[in-house]
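# Coordinates in review
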Amino acid sequence: MTQSTFGHVGPRDLSLFTDRYELTMMQGYYEAEHTPTATFSVYFRHLPPDRGYAIAAGLEQVIDYVETIEFGESTVAFLADQGFDEDFLSYLESFEFSGEIRALPEGTLVFPDEPLLEVTAPIVEAQLFETLVLNQVGFQTLVATKGARMADVVRRRGDGQNLVDFGSRRAHGTDAGLKAARAAYVGGFDGTSNVLAGERFGVPTYGTMAHSWVQSFESERESFEAFADVYGDDTVYLVDTYDTVRGAERAVAVTDDRDIRLGGVRLDSGDLIQLSKDVQDIVGDAGIVVSSGVDEHFLGEFFDRGGVATAFGPGTSLTTSKDVPDSGVVYKLTAIERDGTLSPSMKLSPGKVNYPGRKELYRVERDGSYTHDVLAKRDESLEEGDPQLETIFDDGSLAYDLPDLETIRERTARELEKLPERYRRVRNPERYEVRISDGLETVTQTLETTIREREL
């Protein structure tokens, strides 16, 4: 069986993971012999509410898709049944990406109007990627950002507590659960409960017991004894099935009777902050894992009230990004070939105006902190800032060395350390400044005037 970074077991055929109108347009381009080179940009028009930044994620899955996409016999047969023309289907059978992709490396900070990714290719090729790219980059960026917000609260206000993704069962499907585990790790989590995510992506896995283990025995003590006999030292016991404080006392008693080390206890209901303090008096130096309803807001309150924990297990709020379940990223045409030259293009729709042309992004750092970004034309050199976009594909060939997840996770941590706290606040963060270069501003104003004179 074939394995890919998408987390699937079986064929990697995602060629039909697209909206029908993409294929309809592709067929139109092909049959009209209208195949100019085009640039599409993926970006946030606005960051979601209470987000002062986002963390780029999902690029690895885009790379895998571009490298493996093919329209096989059964796929072409299905499209024939859907009414697509024979000549176009023959083109799809030999489909290969021939263009360029530039992108922000995973783990990089991103702000409104900045390209997470740009595709430059014949429009009949580039059009196909919209659905898949937005699906993978949008979702993982959303969850990586949610994870980074929690990790940042722990880093700034906690005491080195671990964060473990417990949310697979609440994710919107198996693929979402796997990608959420990966994205959370990119954002700064320490592991996941999802074993398949561990196997696919190398994310460390963690887990102990559920309430069903305790309920299946005649008494809580008997359930702890059986678990201790199987797993011995350093076991973590779920102690809130009946009464949290008494459960903690029983866990200590069982491990003392067997002369083994108590690994810790997990709290999953009730006033978790107060109970964590009550339980610490019982378990001493053993670990306390807090789960249920954990997010960045809970973590802030937890530390405010002096809660005690060695680890947290966020679930639903993480994998669904519960407070902000939609990233809002878009895939928009920003340049099109005219008379052999790639010319800037833009929309003038109210609320949806975009900066035209191919871009470069520069990030300015002073005294170890990011001060602002500058969005510029691709061919525009600036005196300040470091360019952020990397070439991923060049002439259809992969030109990028994929980092491992540990490296990506470390990048996220470094990026956040350089972003001043006022932009990282969980509530009401300040807006990070993204300046528009003189060159890009001139192109934008000139093109808008031209379009208005021609179309309006």
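Everything discussed here concerns the structure shown above.
Residues numbered from 1 in each chain as written. Predicted model: local features only at pLDDT ≥ 70, side-chain atom pairs only at ≥ 80, totals over all residues. Heavy atoms only, no water.

## So, the overall build of the protein chain
So the rule is basically this: Secondary structure elements follow DSSP: runs of H or I no shorter than four residues count as helices, runs of E no shorter than two count as strands, and numbering proceeds from the N terminus. Residue contacts follow a heavy-atom distance rule, with two residues in contact if any of their heavy atoms lie within 4.5 Å. Computed with a 1.4 Å probe, the accessible areas rest on the Shrake-Rupley method; for each residue, only the protein chains presented here act as cover. Counting rule for charge: Lys and Arg are taken as positive, Asp and Glu as negative, and neither His nor the chain ends is counted. Where a charge lies is defined by one atom per residue type: Lys uses NZ, Arg uses CZ, Asp uses CG and Glu uses CD.
A tally of helices and strands in the protein chain yields 17 helices and 19 strands. Summarising the internal contacts of the protein chain: among those between residues at least 6 apart in sequence, 73% fall at separations of at least 24. By element, 43% of the accessible surface of the protein chain is carried by carbon and sulfur atoms, the whole surface being about 20300 Å². Here the protein chain holds 46 positive side-chain charges and 82 negative ones, and the gap between their average locations is 6 Å.

## Some remarks on the nonpolar core
Formally: Here, the term nonpolar core denotes a set of buried Ala, Val, Leu, Ile, Met, Phe, Trp, Tyr and Cys residues that are joined through side-chain atoms within 4.5 Å. Residue exposure (1.4 Å probe, protein chains only): buried if accessible area is under 20% of the type maximum, exposed if over 50%, otherwise partly exposed.
Counting residues in hydrophobic clusters, the biggest one holds 117 residues, and the most contacted among them are F129, Y237, L299 and F312. In terms of residue count, the dominant contributor to this core is helix α6 (residues 130–157) (10 residues). If we ignore the near neighbours within four places in the chain, the residues touching F129 are Y65, V66, F95, F97, V119 and Y331.

## Description of the sheet that holds strand β18 (residues 397–398)
Threshold: The rule for pairing is simple: two strands pair if DSSP sees at least two bridges between them. Only the stretch in contact is used when a helix axis is fitted, and all axes are lines through C-alpha atoms; the angle between N-to-C directions ranges over 0 to 180 degrees.
Taken together, seven strands build an open sheet; the order of strands is β13-β12-β1-β5-β3-β17-β18 and the sheet is antiparallel. Each edge of the sheet is formed by a strand with only one pairing partner; in this case those strands are β13 (341–344) and β18. The pairing of strand β17 (residues 390–394) with β18 spans two bridges and is classified as antiparallel. By the bridge assignment, F393 is partnered in β18 with L398. Those strands touched by helix α2 (residues 59–68) are β3 (100–103), β5 (117–122), β17 and β18, and its axis lies near 15 degrees from that of β17. Across the sheet, α6 is in contact with β1 (37–44), β5 and β12 (329–338); its angle to β12 comes to roughly 140 degrees.

## Structural notes on the environment of V245
Assignment of secondary structure puts V245 in helix α11 (residues 244–257). Distance from V245 to K332, taken between C-alpha atoms, is 56 Å for residues 87 residues apart in sequence. Among residues more than four places away in sequence, those in contact with V245 are L275, D278 and I282.

## Concerning the packing of α2 against α6
Defined as follows: Should an angle lie under 35 degrees it is considered roughly parallel, over 145 roughly antiparallel, and from 65 to 115 roughly perpendicular; all remaining angles are considered oblique. Handedness of a crossing is defined here by the sense of rotation of the near helix relative to the far one, left-handed for an anticlockwise turn of less than a right angle and right-handed for a clockwise turn. Amino acid classes used here: Ala, Val, Leu, Ile, Met, Phe, Trp, Tyr, Cys and Pro are nonpolar; Asp, Glu, Lys and Arg are charged; the rest, including Gly, are polar.
Taken N-terminus to C-terminus, the directions of α2 and α6 make an angle of 160 degrees; their axes are 8 Å apart at the nearest point. Between α2 and α6, the interaxial angle falls into the category roughly antiparallel. In this structure, α2 crosses over α6, and the sense of that crossing is right-handed. Across the interface between the two elements, Q61, V62 and Y65 from α2 touch L132, V133, Q136, V137 and Q140 from α6. Taken together, the residues of the contact of α2 with α6 break down into five nonpolar, three polar and no charged.

## Overview of the sheet that holds strand β16 (residues 386–387)
Within the open sheet, the four strands sit side by side as β16-β14-β15-β19. Their pairing is mixed. At either margin of the open sheet sits one strand with a lone partner, and together these are β16 and β19 (434–436). Here strand β14 (residues 359–366) runs beside strand β15 (residues 369–377); their pairing, made up of eight bridges, is antiparallel. Following the sheet pairing, K359 is matched in β15 by K377.

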